[in-house]
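Results of the structural survey
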Amino acid sequence: ESYKRIAQVDGKVQAFLTLDEEKARQTANSLDEKLNAKHASNLLFGMPIGIKDNIVTKGLRTTCASKILENFNPIYDATVVQKLQQQETVTIGKLNMDEFAMGSSNENSHYQKTRNPWDLDRVPGGSSGGSAASVAAGEVLFSLGSDTGGSIRQPAAFCGVVGLKPTYGRVSRFGLVAFASSLDQIGPITRTVEDNAYLLQAISGLDPMDSTSANVDVPNFVSALTGDVKGLKIAVPKEYLGEGVTETVRHSVLDALKVLEKQGAVWEEVSLPHSKYALAAYYLLSSSEASANLARFDGVRYGYRTPNADNLLDLYKKSRAEGFGDEVKRRIMLGTFALSSGYYDAYYKKAQQVRTLIKKDFEDVFEKYDVIIGPTTPTPAFKIGENIDDPLTMYVNDILTIPVNLAGVPGISVPCGFDNGLPLGLQIIGKHFDEKTIYRVAHAFE
Ligand code: GLN
């Protein structure tokens, strides 16, 4: 059914970079046999799933939407992919994204521009735009994305689906091609909160292959969907409803708060005073980490190699110059500069100090409140091409999602109304490792 739907709509939506039809059919057939023999026990048994193209899949092309990895076939599966296989899901294919997850619109893909299924002239968001669009267009039921500064939540909001960035360390990053290792997390994108909880359950947990994955219990997330929010304390940061946020977005959040209030929750305005520095700190830190992580793409070990090099140094330089797109180069240059001796203290170190203050803002609020609520994005999906020549306007898109990554806490985006037929997202942020409360609130609101 997934492939039928993809054949119908993917020509327009362009969410998939690579399809794995033959293998998917084999898997589905063997699952059918099991089903007939009544051996189907897993909750996600047979579910069609799409995977963002920066998560490695054994023998299945993984490009990160970059020319530099155009023919890269990984020799192993990411931990999350192995865990899905244990659940007997069916991998449908690999999903488009901004190159190396850098971007907010999917316009930075080397291969194609994914479109928003609600309005094909608009972006699906990014960088997990293919992951959100494929679920919204009914091509797959579930997808995996990654979120470094908002890349699951922002496209989920733009496409009217549910997307969760788990607590840093909840899900193994082994096999996720690293962008900014201290911020990256893999997470589920689905139609409903319940589906989301099932998928997070399947991919969570300590992994000996990722030293940053956390040794904490994985609770039963689905059992949190009680619908009961009585007495729950909600904080609403004034910085999240201020400048740049449209009237319609502001009202959609206030309406959502009313719904929760009716069910017995209480809310108050709070302040996250260092929010205004988050964007600057994020672009310094994430670019610094990216400049180190992307050093491995040298034309020798992986992917694209220039055909016309005179010597080894020339080979490195030309392979990288020809293989990386503009946005990736912009970040590598910014990161290399910020880390260079003489500037390190002024930029990288300062940004780390700001990160600590932002984390502290969240800790202070969570001493008194159970969750933080605000919009996911300041506006609904913008037009393709609208922000492409202006990196700064593009960066501002993530102003409400980035602080969550800097603090390492979990956050979800759930659909919350429309602006002129375009979906809007409500962001619910929780304490470290408290995805359960996030799901409880999201489900009550849904
Ligand atoms: N849009 C942000 C960026 O370009 C976030 C990306 C992400 O979360 N991967 O860095």
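1. Some points on the sheet that holds strand S9 (residues 371-375)
With mixed pairing, the 11 strands of this open sheet are ordered in space as S1-S3-S2-S4-S6-S5-S10-S11-S9-S7-S8. Because the sheet does not close on itself, it has two edges, and the strands there are strand S1 (16-19) and strand S8 (266-270). Between one strand and the next, the sheet's axes are offset by a mean angle of 30°, whatever the strand orientation. Most of the contacts of helix H6 (residues 193-203) go to strand S6 (residues 185-190), to which it runs at about 145°, and overall it touches strand S2 (48-52), strand S4 (142-147), strand S5 (162-165), S6 and strand S10 (411-419).

2. Some details on the site of the ligand
Residues in contact with the ligand amount to 15 residues; listed here are only the nearest, Gly 149, Ser 151, Tyr 282, Arg 331 and Asp 398. Within the backbone of Ala 101, an N or O atom sits 2.9 Å from a nitrogen atom of the ligand. Relative to its unbound accessible surface of 290 Å², the ligand loses 100% to contact with the protein. Its residues assigned to classes, the shell around the ligand shows 5 nonpolar, 7 polar and 3 charged.

3. Side note on helix H11 (residues 345-368)
The α-helix winds at 3.6 residues per turn, so residues separated by three or four positions along the chain end up facing the same way. For H11, built from 24 residues, the straight-helix expectation of 34 Å at 1.5 Å per residue is met to within 8% by its first-to-last C-alpha distance of 35 Å. Those residues of H11 not exposed but buried are Tyr 348, Ala 351, Val 354, Arg 355, Ile 358, Asp 361, Phe 362, Val 365 and Phe 366.

4. Description of the packing of aromatic side chains
On inspection of all chains with the given rule, the structure shows 16 aromatic pairs. Between Phe 100 and Phe 324, the aromatic rings sit 5.9 Å apart at their centres with planes inclined by 70°, giving edge-to-face as the arrangement. Placement of the pair is Phe 100 in the loop between strand S3 (90-95) and helix H4 (129-136) and Phe 324 in the loop between helix H9 (312-323) and helix H10 (326-339), with a sequence separation of 224 residues. Judged on exposure class, the residue Phe 100 and its partner Phe 324 are both buried. In this arrangement the basic side chain of Arg 61 is found over the ring face of Tyr 111, its NZ or CZ atom lying 5.5 Å from the centre. The ring centre of Tyr 304 lies 4.8 Å from the NZ or CZ of Lys 67, which sits over that ring.

5. Notes on the nonpolar core
Phe 100, Phe 362, Ile 373 and Ile 428 are the most contacted members of the largest nonpolar core, which totals 103 residues. If you tally residues by element for this core, the top one is helix H8 (residues 278-293), at 8 residues. Excluding anything up to four places from it in sequence, Phe 100 contacts Cys 64, Ser 66, Ile 68, Leu 69, Val 177, Phe 179, Leu 294, Phe 297, Phe 324 and Val 328. Counting 23 residues, the second largest nonpolar core, distinct from the first, contains Ile 6, Phe 16, Ala 133 and Ala 156.

6. Brief notes about the packing of helix H3 (residues 79-86) against H6
At a closest axis distance of 8 Å, the pairing of H3 and H6 adopts a crossing angle of 110°. Comparing their axes, H6 and H3 come out roughly perpendicular. Along its contact with H3, which presents Val 80, Lys 83 and Leu 84, the element H6 presents Leu 199, Ala 202 and Ile 203. Looking at the contact of H3 with H6 residue by residue, the class counts come to 5 nonpolar, no polar and 1 charged.

7. Quick look at the pattern of salt bridges
Going through the model one piece at a time under the given rule, you end up with 15 salt bridges. A salt bridge links Asp 255 to Lys 258, with the nearest nitrogen and oxygen atoms 3.8 Å apart. With Asp 255 and Lys 258 both in helix H7 (residues 247-262), this residue pair falls 3 residues apart, about one helical turn. For Glu 327, the salt bridge goes to Arg 330, with nearest N and O atoms at 2.6 Å.

What counts and how
Residues numbered from 1 in each chain as written. Predicted model: local features only at pLDDT ≥ 70, side-chain atom pairs only at ≥ 80, totals over all residues. Heavy atoms only, no water. Pairing = 2+ DSSP bridges. Helix = DSSP H or I, 4+ residues; strand = E, 2+ residues; numbered from the N terminus. Axes fitted to C-alpha atoms, helices over the stretch in contact; angles between N-to-C directions. Contact = heavy atoms within 4.5 Å. Near = heavy atom within 4 Å. Polar contact = N/O pair within 3.5 Å; in protein donor to acceptor, adjacent residues only side chain to side chain. Areas by Shrake-Rupley, 256 points an atom, 1.4 Å probe, with all protein chains shown as cover. Nonpolar A, V, L, I, M, F, W, Y, C, P; charged D, E, K, R; others polar. Expected span 1.5 Å × (residues − 1). Buried < 20%, exposed > 50% of the residue type's maximum accessible area, 1.4 Å probe, protein only. Phe/Tyr/Trp six-rings, centres within 6.5 Å; stacked < 30°, edge-to-face > 60°. Lys NZ or Arg CZ within 6 Å of the ring centre and 35° of its normal. Core = buried A, V, L, I, M, F, W, Y, C linked by side-chain atoms within 4.5 Å. Parallel < 35°, antiparallel > 145°, perpendicular 65-115°, else oblique. Salt bridge = Lys/Arg side-chain N within 4 Å of Asp/Glu carboxyl O.

So yeah, pure geometry; function would need other evidence.
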